[in-house]
Amino acid sequence: MADQSLPDRLDEVIDALVARGDASAALRDPELAPLARVAADLRHYPRREFTQRLRAQLERRITMTTATAPGQAKAGHHVREGFTTVTPYIWVPDRGLADFLVRTFDAVETRVADNPGHGIHRELRIGTSMVMIGESGRTDAPARPAAFHVFVDDVDATFARAIAAGGTSLGVPEDRHYGERAGFVRDAYGNHWYIATALGPQSLGHALRTVTPYLHARDVNGYMAFLARAFGAVEETRAEQPGGAIPYARMRFGDAAVEFGTSDPMPGAYFLYVADPDAVYEQALAAGAKSMSAPADQPTGVRIGFLEDPVGNHWYIARPS
């Protein structure tokens, strides 16, 4: 079976499930095992033309899973060089946030573009990560502050710079039980920066890039399930407390990690680079996302679709030229 293509092997698994409920061979195949488990669950809910519908569902699952797979990024050229699959896009009225990031994290501005009617677009590199900023030029524009986990060499020094740059303390640096020394800052625009230095070889700082988006939701389980259906995101880890609260969880979107915690949402905006924006856009709508703008080619050469998820986060589903 291993010499066959994945779609051909999937066909055989579905035929075996429909005929006799047997997916034992597929469960020994690391590529097919997750799909076989889904198919095994779904076969208990038969309907007319089950085989065709199940095959179509799982083939879409393959598309969504591989659309942001790390191995596809380089081969498919759908992630901009220097970026990752998920890149934060922070909307503010002016360039004050860019100044804050430069003063606090030694951010380096790599691109500035004036988009008539849309304000200024900035791109900044912070360590191994990229952050985009949209400056609307309007003080009455609605803010979309978000939260970020940032690893630095010296959290105490960085925390002090953040306060000097106009940030407000949400918690001074202390050694935390989860393997990092961390302090928390809110910038003048409402964004939260969870600044940390790794403590010991097991710290998350050795597994994450410099900046990782930290998304909040009241129902983290439900939200993560949505992201898996919509974007093919894969759960890496979670910690659950009695009563269902999740203080920490993490999912993988291609070559990017996103962290989660149970709290009131802080709806932000994120670019999601994929190989096929149209397919991912349609899959996200089917999963429950709200359409803001259908995928379209932009004058800059990028094809972008715009969605809002159930928590209120905005996703720009994009494929660069």
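For the structure itself, consult the block above.
Described in the following lines is the structure provided in the data block.

The rules behind the values
- Residues numbered from 1 in each chain as written.
- Predicted model: local features only at pLDDT ≥ 70, side-chain atom pairs only at ≥ 80, totals over all residues.
- Heavy atoms only, no water.
- Salt bridge = Lys/Arg side-chain N within 4 Å of Asp/Glu carboxyl O.
- Helix = DSSP H or I, 4+ residues; strand = E, 2+ residues; numbered from the N terminus.
- Buried < 20%, exposed > 50% of the residue type's maximum accessible area, 1.4 Å probe, protein only.
- Pairing = 2+ DSSP bridges.
- Axes fitted to C-alpha atoms, helices over the stretch in contact; angles between N-to-C directions.
- Contact = heavy atoms within 4.5 Å.

## Concerning the pattern of salt bridges
If the charged atoms of two oppositely charged side chains come close together, the side chains can form a pair.
Phase 1 of the analysis: Applying the stated criterion across every chain yields a total of 14 salt bridges.
Phase 2 of the analysis: For the salt bridge of glutamate 236 with arginine 250, the shortest nitrogen-to-oxygen distance reads 2.6 Å. Residue glutamate 236 is found in strand S10 (residues 234–239), and its partner arginine 250 is found in strand S11 (residues 248–253); the two are separated by 14 residues along the sequence.
Phase 3 of the analysis: Judged by its relative accessible area of 11%, arginine 250 is buried.
Phase 4 of the analysis: The network of salt bridges with shared partners includes Arg80, Arg111 and Glu123.

## Some words on the sheet that holds strand S8 (residues 192–198)
Phase 1 of the analysis: Judged by pairing direction, the sheet is mixed, and its 8 strands sit side by side in the order S6-S7-S8-S5-S9-S12-S11-S10 without closing on themselves. Each end of this open sheet is capped by a strand with a single partner; those strands are strand S6 (168–176) and S10. In this sheet, adjacent strand axes meet at a mean angle of 20° when their direction is disregarded.
Phase 2 of the analysis: Lying on the sheet, helix H5 (residues 96–105) is in contact with strand S5 (147–151), strand S7 (180–186) and S8; it crosses S8 at an angle near 15°.
Phase 3 of the analysis: Here helix H6 (residues 155–164) sits on the sheet in contact with S6, S7 and S8, set at roughly 5° to S7.

## With respect to the pairing of S8
Phase 1 of the analysis: Counting buried positions along S8 gives 6 out of 7 residues, so the element sits mostly inside the fold.
Phase 2 of the analysis: Summarising the sheet, S5 and S8 pair through 5 bridges and their orientation is parallel. Bridged to alanine 147 within S8 is histidine 192.
Phase 3 of the analysis: Pairing analysis gives 7 bridges linking S7 to S8, with the strands arranged antiparallel. Residue pairing in the sheet places alanine 182 in a bridge with alanine 196 of S8.
Phase 4 of the analysis: Counting the residues in the hairpin turn of S7 and S8 gives 5 residues, including glycine 190, whose phi is positive at 95°.

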